[in-house]
Amino acid sequence: MSSLVPPFTLETATRKVRLAEDGWNSRDPERVSLVYTPDSRWRNRAEFVNGRAEIVAFLTRKWAKELDYRLIKEIWAFTDDRIAVRFAYEWHDDSGNWFRSYGNENWEFDAAGLMQRRFACINDLPIRESERRYHWPLGRRPDDHPGLSELGL
């Protein structure tokens, strides 16, 4: 992964986005936290998260609430050390209510390729189970599964 450091090209930024998607689809807070700097700063919705320990706690709470979580990310834009991403994920709560959550993220990386800042804006849309579009087994999205643009999202 050493080639996935700033300055980014379209190829390396796109790969970085897919690796982030794969990590989040693992739903493993410890694993996910390792791609962030030890002092990484986040804004996720209205919550502010600082450092890996808080990232792990945040993701543990998130995936305890957002069940059967499946995520697709897509690159929007990039510069030397920043990447903008749009995403959508599907999940249900413990009462069986389904949602598709849409959002945008802005990422900033250090020289080693670790994310040092992440700003996320997210909106939740209630959906019927029959409106779900993500049906792969939990975990990594298969390479042949359509992305956001192909799904019309």
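A quick note: this is a predicted structure, and the numbers were derived from the prediction, not measured. (Residues numbered from 1 in each chain as written. Predicted model: local features only at pLDDT ≥ 70, side-chain atom pairs only at ≥ 80, totals over all residues. Heavy atoms only, no water.)

Chemist: What's the story with the pattern of salt bridges in this structure? I'm lost.
Modeler: As a working rule, side chains carrying opposite charge can pair if their charged atoms are close by. Across all of its chains, the model carries 17 salt bridges by this definition. Close ionic contact of R18 with D143 constitutes a salt bridge, the shortest N to O distance being 3.7 Å. With R18 in helix α1 (residues 10–26) and D143 in the segment after β6 (115–127), this pair connects stretches of sequence that are 125 residues apart. A relative accessible area of 62% means that D143 is categorised as exposed. The structure contains a network of salt bridges with shared partners spanning R18, E21, D22, R140, R141 and D143. (Salt bridge = Lys/Arg side-chain N within 4 Å of Asp/Glu carboxyl O. Helix = DSSP H or I, 4+ residues; strand = E, 2+ residues; numbered from the N terminus. Buried < 20%, exposed > 50% of the residue type's maximum accessible area, 1.4 Å probe, protein only.)

Chemist: Before we go on, may I ask you to explain unusual backbone geometry in this structure?
Modeler: Negative phi values dominate among residues other than glycine, just as trans dominates among peptide bonds. Look at the link from P6 to P7: it is a cis peptide, with omega at 0°. Relative to the elements of secondary structure, P7 occurs in the segment before α1. In this structure, R27 takes a positive phi of about 55° despite not being glycine. A residue is classified by how much of its surface remains accessible, and R27, at 28% relative accessible area, is partly exposed. One non-glycine residue, R45, lies in the positive phi region at around 60°. The residue R45 is located in the loop between β1 (36–44) and β2 (47–50) in this model.

Chemist: How do you make sense of the side chain of E21 when you look at a structure like this?
Modeler: Relative to the helices and strands, E21 is located in helix α1. You can call E21 buried: its relative accessible area is 0%. The residues contacting E21, other than those within four sequence positions of it, are L71, I72, K73 and R141. (Contact = heavy atoms within 4.5 Å.)

Chemist: Is there a simple way to explain the sheet that holds strand β3 (residues 67–78) in this structure?
Modeler: Hydrogen bonds along the backbone pair up the strands of a sheet, which may run parallel or antiparallel. Across the sheet, six strands lie side by side as β2-β1-β6-β5-β4-β3; this open sheet has mixed pairing. Each of the sheet's edge strands pairs with one partner strand only, and the pair in question is β2 and β3. For this sheet, the mean inter-axis angle between neighbouring strands, taken without regard to orientation, is 20°. Bridge count for strand β5 (residues 98–109) against β6 is 12 bridges, and the pairing is antiparallel. From the neighbouring strand, S101 faces β6, where its bridge partner is D124. In the packing of α1 onto the sheet, the strands contacted are β1, β3, β4 (82–92), β5 and β6, and the crossing angle to β3 comes to about 165°. Strand contacts of helix α3 (residues 51–65): β1, β2, β3 and β4, with the helix running at about 50° to β1, the strand carrying the most contacts. (Pairing = 2+ DSSP bridges. Axes fitted to C-alpha atoms, helices over the stretch in contact; angles between N-to-C directions.)

Chemist: Explain α1 here, please?
Modeler: Because an α-helix completes one turn every 3.6 residues, residues spaced three or four positions apart along the sequence face the same direction. With 17 residues, α1 ought to run about 24 Å at 1.5 Å a step, and its terminal C-alpha atoms sit 25 Å apart, in line with that. Turning to α1, its buried residues are T12, A13, K16, V17, R18, A20, E21, D22, G23, W24 and N25. One or two residues past the end of α1 sits R27, with phi positive at roughly 55°. (Expected span 1.5 Å × (residues − 1).)

Chemist: For this particular structure, what's the right way to read the packing of aromatic side chains?
Modeler: Ring pairs (aromatic) are described by centroid distance and by the angle formed between their planes. Applying the stated criterion across every chain, the model contains 11 aromatic pairs. Summarising the aromatic geometry, the rings of W63 and Y69 are spaced 5.6 Å apart at their centres and angled 65° between planes, so their arrangement reads as edge-to-face. For the pair shown, W63 and Y69 are each scored as buried. With centroids separated by 4.8 Å and ring planes inclined at 40°, the aromatic side chains of Y69 and Y89 adopt a geometry described as tilted. Of this pair, Y69 sits in strand β3 while Y89 sits in strand β4, and the two are 20 residues apart along the sequence. By relative accessible area, Y69 is classed as buried at 1%. An aromatic cluster is present here, built from W24, Y36, W42, F58, W63, Y69, F87 and Y89 joined pairwise through their rings. Over the aromatic face of W24 sits the side chain of K73, whose NZ or CZ is 5.4 Å from the ring centroid. (Phe/Tyr/Trp six-rings, centres within 6.5 Å; stacked < 30°, edge-to-face > 60°. Lys NZ or Arg CZ within 6 Å of the ring centre and 35° of its normal.)

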